[in-house]
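Here's the letter readout for the chains.
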Amino acid sequence: MKDIKIGIELYALMPEFNKDPEGTLAKIKEMGYTGVEFPMFMLRSKDDPTVRKPASLYRSMLEKAGLECYGLLVSWIDVQPDIIDSTIEYCKEIGSPFLIIGSVPRDLVSDLESANKAIDYMFEIQKKINAAGLPTGYHNHDSDFTNVIEGKTFFEHIFDRAPEDFIMLLDTGNAHAGGANSFELLRKYPHRSPFFHIKGYSQAEGYRAYVGRDDYDWKELLDLSVNTGDAKIFNIEFGTREDIDSYERAKFSLDAVLDVMKDM
């Protein structure tokens, strides 16, 4: 486990990062994280969401903080034909090891025909993204498991058909919230999860549950993610809550994961 890198998904610290990006990155480094994952929607201009702030700006911030970029999650709009080339270049410039689709709007995959259309498009653009030297794949939300189309979840429709090099960026909390089992998913779709989202979730507290105080046996799950999923990077994530100190939760989560890993 010594070679596993641990970063944080910046969605977990969105208010803090939006207010003071450099200060937030400095605190992330101080906690002991070695990198961050960006959600593309946080890098857009507040005045015009169609305009992205320069990738070079964030890359220089990371260098100043002594952090690496551990990923870029993009929205469905970012991979449409009129913008995908600029998205690929942005991803490369910011230094991301991947370009992964964060979600597909549920209203676009409401039946088998529309689901297959979206999935076919993902596999089509994979060729372009891979040709640029970037791996790609899909990151799950809970709705990908609650959206059942002709007896199969949308998630199953994707990965039952996916090429072996199409990445499954498994988000543990979202899977649990959607009624899925992360252990079963890693076993059903092995060797396609070099990047892995660690997110706490419990039946009692939902997304408020901290990693280590949730429903997971993390030792078993992290071991499975590495030995069956081929994980190389763990990105910790949680949703912000006004009554919870996000910095405290980020540090607690990192310490909990490190504590599990020392016995592996």
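The structure this text deals with has already been given above.
Residues numbered from 1 in each chain as written. Predicted model: local features only at pLDDT ≥ 70, side-chain atom pairs only at ≥ 80, totals over all residues. Heavy atoms only, no water.

Some points on the side chain of Thr136
Thought 1: Residue placement: Thr136 occurs in strand S5 (residues 136-139).
Thought 2: In terms of polar contacts, Thr136 uses its side chain to reach the backbone carbonyl oxygen of Leu99, at 2.5 Å. (Helix = DSSP H or I, 4+ residues; strand = E, 2+ residues; numbered from the N terminus. Polar contact = N/O pair within 3.5 Å; in protein donor to acceptor, adjacent residues only side chain to side chain.)

Here we look at helix H3 (residues 55-65)
Thought 1: Within the span of H3, buried status applies to Ala55, Tyr58, Met61, Leu62 and Ala65. Taken around the axis of H3, the buried residues stretch over an arc of 125°, which confines them to a single face. Along H3, exposed side chains directed more than 90 degrees from the buried face belong to Glu63 and Lys64.
Thought 2: Against helix H1 (14-19), helix H2 (21-31), strand S2 (35-39), strand S3 (68-74) and helix H4 (84-94) lie the buried residues of H3.
Thought 3: Backbone geometry just downstream of H3 places Gly66 in the positive-phi region, at approximately 75°. (Buried < 20%, exposed > 50% of the residue type's maximum accessible area, 1.4 Å probe, protein only. Arc of directions from axis to C-beta. Contact = heavy atoms within 4.5 Å.)

Concerning the state of the cysteines
Thought 1: One pass over the full model with this rule turns up 0 disulfides.
Thought 2: Cys69 forms no disulfide, and the closest cysteine sulfur to it belongs to Cys91, at a distance of 7.1 Å.
Thought 3: The exposure class assigned to Cys91 is buried, which follows from its relative accessible area of 0%. (Disulfide = S-S within 2.5 Å.)

Some points on the nonpolar core
Thought 1: Core analysis: the biggest nonpolar cluster contains 81 residues, and Phe38, Met122 and Phe154 have the highest contact counts within it.
Thought 2: Per element, the largest residue contribution to this core is 8 residues, and it comes from helix H5 (residues 112-131).
Thought 3: Not counting residues up to four positions away in its chain, the partners in contact with Met122 are Trp76, Ile101, Val104, Tyr138, Phe154, Ile158 and Phe166.
Thought 4: By size, the runner-up hydrophobic cluster in this structure holds 8 residues, among which are Leu73, Ile100, Leu169 and Ile233. (Core = buried A, V, L, I, M, F, W, Y, C linked by side-chain atoms within 4.5 Å.)

Examining the pairing of S3
Thought 1: Across the 7 residues that make up S3, a large majority, 6, are buried.
Thought 2: The handedness of the S2 to S3 crossover, carried by H3, is right-handed.
Thought 3: Direction of pairing for S3 relative to strand S4 (residues 99-101): parallel, over a ladder of 2 bridges. By the bridge assignment, Val74 is partnered in S4 with Ile101. (Right-handed = clockwise from strand over helix to strand, strands pointing away. Pairing = 2+ DSSP bridges.)

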